[in-house]
Amino acid sequence: MLKKIRKYFGPKKLAEGNKIVINAEKLETRVALLEAGSLEEYTVERVHEEQIVGSIYKGIVRNIEPGLNAMFVDIGLEKNAFLHFWDAIPEALDAGMEEIQRKNQNRANAQNKGGQQGKGGNKPPRKRKGGKNPKIQSKDIPKLYPVGSEVLVQVTKGPIGTKGPRVTTNISLPGRYMVLMPRNDQLGISRKIEDPKERQRLRKIMSEKMTIPEGKGVILRTVSSGQKVRYFVRDLAMLVAQWDEIEERANEGKAPLCAFREPDLIERTVRDFLTEEIDEVLCDDLEAVERMRELAGVISRRSRNRITHFNTMVPIFDKLSIQAQIDDAFYRQVWLPSGGYLVIDETEALIAVDVNTGRAKNQDKMILQTNIEAAEAVARQLRLRNIGGLIVVDFIDMKARKDQNAVYRTMRERLKRDKAKTQITPISQLGLMEMTRQRLHESLNITINEPCPFCQGRGVVKTAESMSVELQRKISGLLAKQGDRLDELVVIVHPDVLERMRSNDSELFVDLERKHNARLTFRGDPTYHREQIIFADPKTQKEISA
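Quantities reported herein were computed from a predicted structural model and do not represent experimental measurements.

Colleague: Explain the overall build of the protein chain to me, and be specific about the residues and the numbers.
Modeller: Of the regular secondary structure elements, the protein chain holds 16 helices and 26 strands. In the protein chain, which comprises 546 residues, the share counted as buried stands at 45%. Partitioning the intrachain contacts of the protein chain with sequence separation of at least 6 by distance along the chain shows that 67% fall at a separation of at least 24. Of the roughly 30,400 Å² of accessible surface on the protein chain, a fraction of 49% belongs to carbon and sulfur atoms.

Colleague: For the environment of E499, give the residues involved together with the corresponding values.
Modeller: Inspection of the secondary structure puts E499 in helix α15 (residues 495-503). With 25 residues separating them in the primary sequence, E499 and G524 have C-alpha atoms 8.7 Å apart.

Colleague: How would you explain the sheet that holds strand β3 (residues 38-46) if you had to name every residue and give the values?
Modeller: The strands that make up a sheet pair up through hydrogen bonds in the backbone, lying either parallel or antiparallel. Strand order in the open sheet formed by five strands is β3-β2-β1-β15-β16, with mixed pairing between adjacent strands. The open sheet terminates on both sides in strands that have one partner only, identified here as β3 and β16 (307-309). For this sheet, the mean inter-axis angle between neighbouring strands, taken without regard to orientation, is 20°. In the sheet, strand β15 (residues 280-283) pairs with β16 via three bridges, with the strands oriented parallel.

Colleague: Could you give me a rundown of α15, with the residues and numbers involved?
Modeller: Listed as buried for α15 are V497, L498 and M501. Projected down its long axis, α15 shows its buried positions confined to an angular sector of 100°, all on one face. Next to the buried residues of α15 lie α14 (464-482), β23 (488-493), α16 (506-516) and β24 (519-524).

Colleague: Can you explain the pairing of strand β11 (residues 178-181)? Please cite residues and give values.
Modeller: Of the two faces of β11, the one lined by M178 and L180 and the one lined by V179 and M181 are each fully buried. In terms of strand pairing, strand β10 (residues 173-174) meets β11 through two bridges, oriented antiparallel. Paired with P174 across the two strands is V179, which belongs to β11. Hairpin connection between β10 and β11: a loop of three residues separates the two successive antiparallel strands. Sheet analysis places β11 next to strand β13 (residues 217-220), joined by four bridges and oriented antiparallel. Within β13, the residue paired with L180 across the bridge is V218.

Colleague: Which residues make up the packing of aromatic side chains, and what are the values?
Modeller: The relation between two aromatic rings is expressed through the spacing of the ring centres and the mutual angle of the planes. Throughout the structure, instances matching the rule amount to six aromatic pairs. A ring pair is formed by F72 and F82, whose centres lie 5.6 Å apart and whose planes are at 70°; its orientation type is edge-to-face. Residue F72 is found in strand β5 (residues 70-74), and its partner F82 is found in strand β6 (residues 81-84); the two are separated by ten residues along the sequence. Of the residues examined, F82 reaches a relative accessible area of 23% and is grouped as partly exposed. Ring centres 5.0 Å apart and planes at 55° place the aromatic pair W335 and Y341 in the tilted group. Judged by relative accessible area, which is 42%, W335 ranks as partly exposed. An aromatic cluster is defined as three or more aromatic residues linked by ring pairs; in this entry it consists of Y177, Y231 and F232. In this structure, R176 packs its charged tip against the face of Y177, placed 5.6 Å from the ring centre.

Colleague: Outline the pairing of strand β12 (residues 187-190), supporting the account with residue identities and numerical values.
Modeller: Residues of β12 alternate between two faces, with L187 and I189 on one and G188 and S190 on the opposite face, all of them buried. Relative to β13, β12 is paired through three bridges, and the arrangement is parallel. Looking across to β13, one finds that L187 is bridged to V218. On the question of chirality, the crossover connecting β12 to the parallel β13 by way of helix α4 (residues 196-209) is left-handed.

Colleague: An account of the side chain of R268 is needed here, citing residue identities and associated values.
Modeller: Within the secondary structure layout, R268 lies in helix α6 (residues 265-272). Beyond its immediate chain neighbours, meaning those up to four positions away, R268 contacts E45, Q51, E262, P263 and F273.

Colleague: Just give me the short version of the confidence of the model for the protein chain, but keep the residues and values in it.
Modeller: Summing up the model confidence of the protein chain, the mean pLDDT is 82 and the portion of residues at 70 or higher is 86%. Of the regions scoring below 50 in pLDDT, residues 1-11 engages in one contact with residues more than four places distant in sequence or in other chains. Counting interchain partners and residues more than four positions distant, the pLDDT-below-50 stretch residues 105-132 has 52 contacts.

Colleague: Explain the pattern of salt bridges to me, and be specific about the residues and the numbers.
Modeller: Scanning the entire structure with this criterion turns up 26 salt bridges. For R500, the salt bridge goes to E465, with nearest N and O atoms at 3.8 Å. Here R500 is found in helix α15, whereas its partner E465 is found in helix α14, with 35 residues between them in sequence. We classify R500 as partly exposed; its relative accessible area is 22%. By relative accessible area, which is 45% here, E465 ends up partly exposed.

Colleague: I'd love a proper account of the environment of G524, names of residues and values included.
Modeller: Tracing the sequence through the fold places G524 in strand β24. Assessed through its relative accessible area of 39%, G524 is described here as partly exposed. A sequence separation of 26 residues divides G524 from L498, and the C-alpha atoms of the two residues are 6.1 Å apart. Ignoring sequence-local partners within four residues, the contact set of G524 consists of V493 and L498.

Reading guide: rules and limits
Residues numbered from 1 in each chain as written. Predicted model: local features only at pLDDT ≥ 70, side-chain atom pairs only at ≥ 80, totals over all residues. Heavy atoms only, no water. Helix = DSSP H or I, 4+ residues; strand = E, 2+ residues; numbered from the N terminus. Buried < 20%, exposed > 50% of the residue type's maximum accessible area, 1.4 Å probe, protein only. Contact = heavy atoms within 4.5 Å. Areas by Shrake-Rupley, 256 points an atom, 1.4 Å probe, with all protein chains shown as cover. Pairing = 2+ DSSP bridges. Axes fitted to C-alpha atoms, helices over the stretch in contact; angles between N-to-C directions. Arc of directions from axis to C-beta. Phe/Tyr/Trp six-rings, centres within 6.5 Å; stacked < 30°, edge-to-face > 60°. Lys NZ or Arg CZ within 6 Å of the ring centre and 35° of its normal. Right-handed = clockwise from strand over helix to strand, strands pointing away. pLDDT = per-residue confidence, 0-100. Salt bridge = Lys/Arg side-chain N within 4 Å of Asp/Glu carboxyl O.

Below, the structure is given as structure tokens:
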């Protein structure tokens, strides 16, 4: 009996259940999501980096580009934000949501209020006869938002590379159980809630038991499944109060200004990840633990009790063997259980993933098994690395269509866990699977790393033989250009290149000395990069440019 009590109330092993592990340090905060001990998601946020996705700004339209069907809005950042005309039109619910019809409410009035841009903001076109609003089209946007006008926007995509942030006028405020759309009167339920009875219960709650302000819309999130009405009422009241504060701040301040800043990683973790599926939250910082408990306590006492301070002198990610999984996950080559492996190449235009058999035997069953493992690994790697955009996966060729469909189903099933929006196509005749994944931020690879200053991000360096050939050309050109003014030359290279010159190409450099009637002195410096070459005048010791 005592063993059962300890098993139920005592701390679970790392390989059991779903856990969130948080490493809070002075310069950065790291959050790892573990499922049965396996690292599934990994997020890093640094202190000096400003999190703007989800933030709301009051901006000024600086210029309109009809050719791009877009305008550029000054929101007070280094680069103007990009607002596509379609992102300025009242948005319909996407395919992932089931729309719920309102009861006993004037939808025409709600739509009118939902289209307004706040106090003092731009208003939609005047009503036609009969009291109905005309449908706003992209051609109407330049009239609604002329250059110099103020507009309230929300960042949907952070700056990536040389591009500025992307924004929308379709503002949404995420809560614990729902998302409030203050300018859109639609009601919806996440289609990830699959139980018909539960969906029916939630429909009844939204249409009969909740008082949703006119002109505002609500979407129930997946985590709302099985929750009591009072949680929804409390969540809605908090979101409406938050929106009122945002409107007040936007109306009183002068553009450009930030009316709402998206919370930091700690608060977002409590809001988005601390669901009923999470068994435990471990954090190595007592201050962060107390803050999370306070935030979770407003939502659920049960959630508050799942947050634990993990006191350790050893870094928590090392103590729980998470760092090793992080290191393994970010290699270009990712091994699969069957002996096959993935090769992941991230480019500016797309992500290319190549599936190889590796040590796996080349049989139909083994090929299918390797491809299924690859589909699971790809879905996991997309979440881990925060990869977005266009992704192409080159699977091992399969003859049977049923095998291709099995891999496709596996990929779709695994992607259901991904919070980012994804679209996927079946495997083509060429053995390729094409997919897109919503990209809100730069990938972790770009966030954590920077291009090598020597190879400029190529990922390869020239061989010693290539450098020897290049060196001969440069010496020949330099001596020919200097003529009689230079009869001695010191050449400093990497030891690998020097060894190649001595062992294989010594006669070639002797011929160069004879041809140009000059003396060449070679030195090796291990601190040099293999592609680095320095020419110097032995008399003045000054560097000579080739």
